Amino acid sequence: MSGQMPQVVIDLDALRHNLGVARARAPASRLMAVIKANGYGHGMRRVAQALGEADALAVARVGEGAQLRDAGIAARIVVLEGGFDAQDVAEAAGRGLDLVFHHEEQIALLAAARPARPTRAWLKVDTGMHRLGFQVEAAPAAHARLVALARGNAPVGLMTHFASADDPGDPATREQLDAFRPLAARLGVPVSISNSAGLLGCPEAHGDWVRPGLMLYGASPFLGGRAAALGLRPVMTLRSRLIAVNHYRRGERVGYGGTYTCPEDMPVGVVAVGYGDGYPRHAPSGTPVLVGGVRVPLVGRVSMDMISVDLRGAPGARLGDPAVLWGEGLPVEEVAECAGTIPYQLTCAVTGRVAVVERGAERPPLDAGR
Ligand SMILES: *Cc1c(COP(=O)(O)O)cnc(C)c1O
């Protein structure tokens, strides 16, 4: 293991493999790869370039789409939250971004902007998530307004989003589908329903376009799920090394607040990674860490730049040994569960001071934009 530590290894072959899994699971649908929030922390530009096989890319905000255009990405790009103001709408139109319309006000902005070129529009309907979207009854009128504004040039798609697809037993997903179907039949436009969980768990919800995010990065979208069981490979590995091996006596306490007390004389290691790198501060004692390929438990509080680990299970551990915090050999889902969060948050949270190493790149590493 070489280079500045900690570092994230971004495995672009794994990313492309996972795209293939998504394709195979939804073979009749087109696929927009969701790369918002800096590609879930993997680097938006690099992920966009590696996912050239996707039919479209999806981001949350116009600014993200503009960054992709600036980076020379010519792919179709869908802006999932649509434009927030007149400037956003003008920019999206000028740069050829698909806009999602979830609110009357956004349609008014498009009407006022009168863009020179037709804008591809998606109408977002709320079928039960109760976050963004027109109510189902209001959707036909909003659709008609958008068709008129697009001057017949641009296809208008219909989109909705699941609230509880991460739990395949939750009846809410079926209720959302039941609410969506008659509207989709009435409007007769391309539809997009499924995130990763819907794509993997609800084949009847594939529709014309699927919208996977998390699964592309090699994590399971299901509660208690593991990527390997779905044939997915982790894209991000966060790793560092052991920078101290110390020996403490029974009863001695470790770290800020002394929250961990050694139950016997024992070796305690220090790994150079902390919440300043994006490792979750709330990961409790017992959260697994791989040291030299051996699973050992974190002990005491997570510091800004360091964590401590119980090395009783790895008596051969030496200074400089590699440590994996999540990724290859240690599922990010498991670390997220220990820390009371979800894999999305862990990969998004990796900070700018962590070095990035690309694997499987077809091009030389990019200088910026992780
Ligand atoms: C983020 C997002 C997705 C992707 O969800 P995953 O759970 O990461 O697959 C799909 N659709 C919308 C509207 C989103 O905001």
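Residues numbered from 1 in each chain as written. Predicted model: local features only at pLDDT ≥ 70, side-chain atom pairs only at ≥ 80, totals over all residues. Heavy atoms only, no water.

Some details on the packing of helix α7 (residues 139-149) against helix α8 (residues 172-187)
As a reminder of what qualifies: Helix axes use the C-alpha atoms of the stretch in contact, all axes being lines fitted to C-alpha atoms, and the angles between their N-to-C directions lie in the range 0 to 180 degrees. Counting from the N terminus, the helices are DSSP H or I runs at least four residues long and the strands are E runs at least two residues long. Should the near helix be turned counterclockwise from the far one by less than a right angle, the crossing is left-handed, whereas a clockwise turn marks it as right-handed. Any pair of residues with heavy atoms lying within 4.5 Å of one another is described as a contacting pair. Basically, the charged four are Asp, Glu, Lys and Arg, the nonpolar ten are Ala, Val, Leu, Ile, Met, Phe, Trp, Tyr, Cys and Pro, and anything else, Gly included, counts as polar.
Between α7 and α8, the shortest axis-to-axis distance is 11 Å and the interhelical angle comes to 35°. Between α7 and α8 lies a crossing whose hand is right-handed. Judged by residue contacts, A139, P140 and H143 of α7 engage L183, R186 and L187 from α8. For the contact of α7 with α8, the residue count by class is 4 nonpolar, 1 polar and 1 charged.

Points about the pairing of strand β15 (residues 288-291)
Heads up, the condition is: Note on classification: 1.4 Å probe, protein chains only; a residue is buried when its accessible area is under 20% of the maximum for its type, exposed when over 50%, partly exposed between these limits. Strand pairing requires that DSSP identify at least two bridges connecting the strands.
Judged by which residues are buried, β15 turns out to be covered on both faces: P288 and L290 on one side and V289 and V291 on the other are all buried. Two elements, β15 and strand β16 (residues 294-299), share 4 bridges in a ladder whose sense is antiparallel. Across the sheet, the residue bridging to V289 is V296, located in β16. Where β15 hands over to β16, the hairpin turn is made up of 2 residues, of which G292 adopts a positive phi near 55°. Pairing analysis gives 2 bridges linking β15 to strand β18 (residues 322-326), with the strands arranged antiparallel.

Regarding the confidence of the model for the protein
Close reading of the predicted structure is inappropriate where its pLDDT is low. Spelled out, the test is: Each residue gets a pLDDT score, which is the predictor's confidence in that residue and runs from 0 to 100.
Mean pLDDT over the protein stands at 95; residues scoring 70 or higher make up 96%. Every residue in residues 364-370 is under pLDDT 50, and counting partners more than four places away or in other chains gives 22 contacts.

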